[in-house]
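One-letter residues, chain by chain:
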Amino acid sequence: MTESTPADFNNQFSVPGLRFEYGPGKLVRGVIDTPAARGEFYLNGAHVTAWQPAEHQPVLWMSAASNFAEGKPIRGGIPLCFPWFGPHADDPSLPAHGWARTSVWELSSAQPLKNQGISIVMTLTRSPYRLTYQVDFSSELHVRLLVETEDSAAAAGSSGILAIEEALHTYFTIGDIHQILIEGLESADFIDKVPEPHACNAVQAPIQFSGETDRVYQNTKSSCRLIDPVMHRMIIVDKSGSDTTVVWNPWIAKSARMADFGDHEWPGMVCIETANAGINKVQLKPGDRHEITATIRVQTIK
Ligand code: BG6
């Protein structure tokens, strides 16, 4: 099959404010530019790499060292982790965070929204899963991953259950990691992965950063507020269908070890990941549907 070109997508999905072009690595990307927001997404990984609501600075962080190549994860934006989170539990040779972020997705629709935004739907079928990912670019960024399992007992194997993990692994641009606060996870117990995974009790205080941070907050449905006094803004992440929130900044040594992450970029980013992972794995039966969403908005603060 010949691969679709940006011109093919421009012909097929003709929506004012949306165009397709080749991005770095000759990957096809969609570019959104409407009065409500600018944005970008790639079919490689169904990866949202930019969102900037009108009258605000860009919200999503991208590494200048990111790979852009079919089959490789993009560093920044919103990688979609599925059907496992982190290293595969039984087979470390499998790619971290699953195969969804490195698969080429199909674009199934692009529609104007009433609020001057644009809604994109991308799909990926890989037995026993059918994934549908909707991204609404507007004054808010709304992302929704629907997971459907094949309606046959064989798909679920002898246990009859498919246990999945997933994450909307969102990277945010911040003024300075030393000065931000994250509120909303005060009462959640968590697994601290630094230096090795260990269980910790809730700390009853907002999160501040003074070193490598890699925490899996469990059994939490809470929204998060990222307060950034340097950029004078608060980013709010509301979620549904998610019981885990992961907070990550690699700090100095880990970013130096990652080839696709600039050595001096870590003070300008933080991840708040809307997820279901670890003890919050989702148990699906054949024919089940499960949905996880995140809605991100920005408010100016003094
Ligand atoms: C986070 C994990 O979600 O993703 C970290 O908690 C991991 O442990 C990070 O380092 C980045 O993962 P990757 O596979 O994109 O380098």
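Residues numbered from 1 in each chain as written. Predicted model: local features only at pLDDT ≥ 70, side-chain atom pairs only at ≥ 80, totals over all residues. Heavy atoms only, no water.

Visitor: Sorry, what's going on with the site of the ligand here?
Guide: Looking at the ligand, the residues that line it are R75, F85, A96, H97, R101, H169, K193, D214, V246, W248, K254 and E273. In this structure, R75 approaches the ligand through a side-chain N or O atom, which is 2.9 Å from an oxygen atom. For the ligand, an oxygen atom lies 3.1 Å from a polar atom in the side chain of H97. Against a free-state accessible area of 390 Å², the protein chains account for coverage of 86% of the ligand. Of the residues belonging to the shell around the ligand, the class tally is four nonpolar, two polar and six charged. (Near = heavy atom within 4 Å. Polar contact = N/O pair within 3.5 Å; in protein donor to acceptor, adjacent residues only side chain to side chain. Areas by Shrake-Rupley, 256 points an atom, 1.4 Å probe, with all protein chains shown as cover. Nonpolar A, V, L, I, M, F, W, Y, C, P; charged D, E, K, R; others polar.)

Visitor: Help me understand the environment of E55 in this model?
Guide: Here E55 is to be found in the loop between β4 (47–53) and β5 (80–81). With a relative accessible area of 82%, E55 lands in the exposed category. Sequence separation of E55 and E3 is 52 residues, and the distance between their C-alpha atoms is 37 Å. (Helix = DSSP H or I, 4+ residues; strand = E, 2+ residues; numbered from the N terminus. Buried < 20%, exposed > 50% of the residue type's maximum accessible area, 1.4 Å probe, protein only.)

Visitor: Can you walk me through the pairing of β4 in this structure?
Guide: Side-chain positions along a regular strand alternate between the two faces of the sheet. Of all seven residues in β4, five are buried; the element is thus mostly enclosed. Strand direction decides the pairing type here: strand β3 (residues 37–42) and β4, joined by six bridges, are antiparallel. Looking at the pairing, A37 lines up with P53 of β4. The turn joining β3 and β4, which pair antiparallel and follow one another in sequence, is formed by four residues; a positive phi near 85 degrees is taken by G45. (Pairing = 2+ DSSP bridges.)

Visitor: What is the right way to read the sheet that holds strand β8 (residues 129–137) from this model?
Guide: Whenever strands of a sheet pair, they do so through backbone hydrogen bonds, lying parallel or antiparallel. As summarised here, the arrangement of the eight strands in space is β6-β7-β8-β9-β21-β17-β16-β12, forming an open sheet in which the pairing is antiparallel. Edge positions in the sheet fall to β6 (106–112) and β12 (181–183), since each has one partner strand and no second. Ignoring which end each strand starts from, the neighbouring axes of this sheet average 15 degrees apart. Sheet topology note: the strand β7 (residues 118–126)/β8 ladder contains nine bridges and is antiparallel. Residue pairing for β8: R126 is matched across the bridge by Y129. (Axes fitted to C-alpha atoms, helices over the stretch in contact; angles between N-to-C directions.)

Visitor: Please explain unusual backbone geometry as it appears in this structure.
Guide: Glycine aside, negative phi is the norm for most residues, and most peptide bonds take the trans geometry. For the peptide bond that leads from F82 to P83, omega is 0 degrees, which places it in the cis range. Of note, P83 is situated in the loop between β5 and β6. For the bond from S127 to P128, the omega torsion is 5 degrees, close enough to zero to count as cis. For H97, which is not glycine, the phi dihedral falls at a positive 65 degrees. Mapped onto the elements, H97 comes out in the loop between β5 and β6. You can call H97 buried: its relative accessible area is 12%.

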